[in-house]
Amino acid sequence: MVNDLMNYNEVAPRFRSRRAYINEWQKEAANIASRGEHSRHEMLIKQLISKGGTLYDVLGIVGRLYTLTLADLRYQFAVSLSDEKLKTEEIHLALMKYFLSAQVSFFNFERQGFISQSGEDNRMRPTTIFFSGQLVAFVAVFANQNFFHNCVKFVLDQFDIGAVSGTEKPLAPLFMIRLAEKFIGISPRDWEVENKPWSVNLFTEEPLFAELWQHWDTEDMELIHSLLIQLANRHTFTASRNNKDGSRDFAAHAEQYPIDLHFIMRLREWRGLANPEIKHRLTEPPFDRLPEPIETIELPDELHQVMKKTREVIPDFDAVINAAKTRDWQMLL
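Student: How do you make sense of the packing of helix α1 (residues 18–35) against helix α3 (residues 55–83) when you look at a structure like this?
Tutor: Packed helix pairs are specified by the crossing angle of their axes together with the interaxial distance, meaning the distance between the axes. Axis separation between α1 and α3 bottoms out at 10 Å; the angle between their running directions is 135°. By the angle between their axes, α1 is oblique relative to α3. Between α1 and α3 the crossing geometry is left-handed. From α1, Arg18, Tyr21, Ile22, Glu24, Trp25, Glu28 and Ile32 reach across to α3, where they touch Ala71, Arg74, Tyr75, Phe77, Ala78, Leu81 and Ser82. Looking at side-chain class alone, the contact of α1 with α3 contains nine nonpolar, one polar and four charged residues.

Here it is, written out as structure tokens:
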């Protein structure tokens, strides 16, 4: 039996409550507001648009956009819990901002990167294994197939050219990247090659992922129900602050949201497969169903202006990115 292979037959007993999560965010939001980070970011954008700037100014704005976007995502999930209504459009917009910031940071990796005299690679990488997996999964759940395919190609491109950093090997993000690669039909890389940040025998380390790899698209509803319940339980164990080995596969904004569960359910939906009803602590309203896909997204005009200025400040911006691509992905703006 599948259940005999796993150790996730109950919810982690010390997985914190939704109320504790909301309360922690409220304190963090107050600290961000007191530091005036959003106001300063808006001021920098206005200065860039009105007066122009340098490559340093552009990358500074993009770096802040990345940081503030992750805070915005956590805020939207906390508000979703408080209001008992999933803030789908707001989350989608935040994800697109994060995706854009990663794409612009990719330019910085290519253009500004250098190898030190000692031979050490000192380039600032645009994303990590951890956030690459989170990005792919969230775009699947909160966007649509077109954005998803573009995002997967972008993320895999970063792996191809060594632009992904991270010494830890988060298993859930790696599994979601690999399943995304499989889903869109790209020939798999050698994920277990030695001496890479992502080198790990994923299916030996986590037998549940080995089972899901084989059966995520099964039509056996009893089997997929069992596997998804265990996946939800694994989420609570891994995201628990009391996890015995201290590892966490989920960012703060995904702690209370079953992103891994909904990711697989979205892929099944795209394959025309039915999904079982999952009753679990993580799937209580407003997280009890997949969000409706958003076919189009209008990024704020200020970001259009930032990208316009970026291309004025950096005339070869697109040429550098196009020359560095190993896959056919497109800039969001």
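Student: I tried to follow helix α6 (residues 145–160) on my own but got confused; where do I start?
Tutor: Residue pairs spaced three or four apart in an α-helix point in one direction, given the helix's 3.6 residues per turn. Given a rise of 1.5 Å per residue, 16 residues ought to cover 22 Å, and the 22 Å separating the end C-alpha atoms of α6 matches this to within 8%. When we look at burial in α6, the residues that qualify are Phe147, Phe148, Asn150, Cys151, Val152, Phe154, Val155, Leu156, Asp157, Gln158 and Phe159. A side-chain oxygen of the first residue of α6 lies 3.0 Å from the backbone nitrogen of Asn146; this N-cap is Asn144.

Student: It is not clear to me how the side chain of His92 should be interpreted in this structure. Could you clarify?
Tutor: Tracing the backbone through its elements, the reader meets His92 in helix α4 (residues 88–111). Those residues in contact with His92, other than ones at most four positions away along the chain, are Phe142, Ala143, Phe147, Ile294 and Ile297.

Cut-offs used in this document
Residues numbered from 1 in each chain as written. Predicted model: local features only at pLDDT ≥ 70, side-chain atom pairs only at ≥ 80, totals over all residues. Heavy atoms only, no water. Axes fitted to C-alpha atoms, helices over the stretch in contact; angles between N-to-C directions. Helix = DSSP H or I, 4+ residues; strand = E, 2+ residues; numbered from the N terminus. Parallel < 35°, antiparallel > 145°, perpendicular 65-115°, else oblique. Left-handed = near helix turned anticlockwise from the far one by under 90°. Contact = heavy atoms within 4.5 Å. Nonpolar A, V, L, I, M, F, W, Y, C, P; charged D, E, K, R; others polar. Expected span 1.5 Å × (residues − 1). Buried < 20%, exposed > 50% of the residue type's maximum accessible area, 1.4 Å probe, protein only. Polar contact = N/O pair within 3.5 Å; in protein donor to acceptor, adjacent residues only side chain to side chain.

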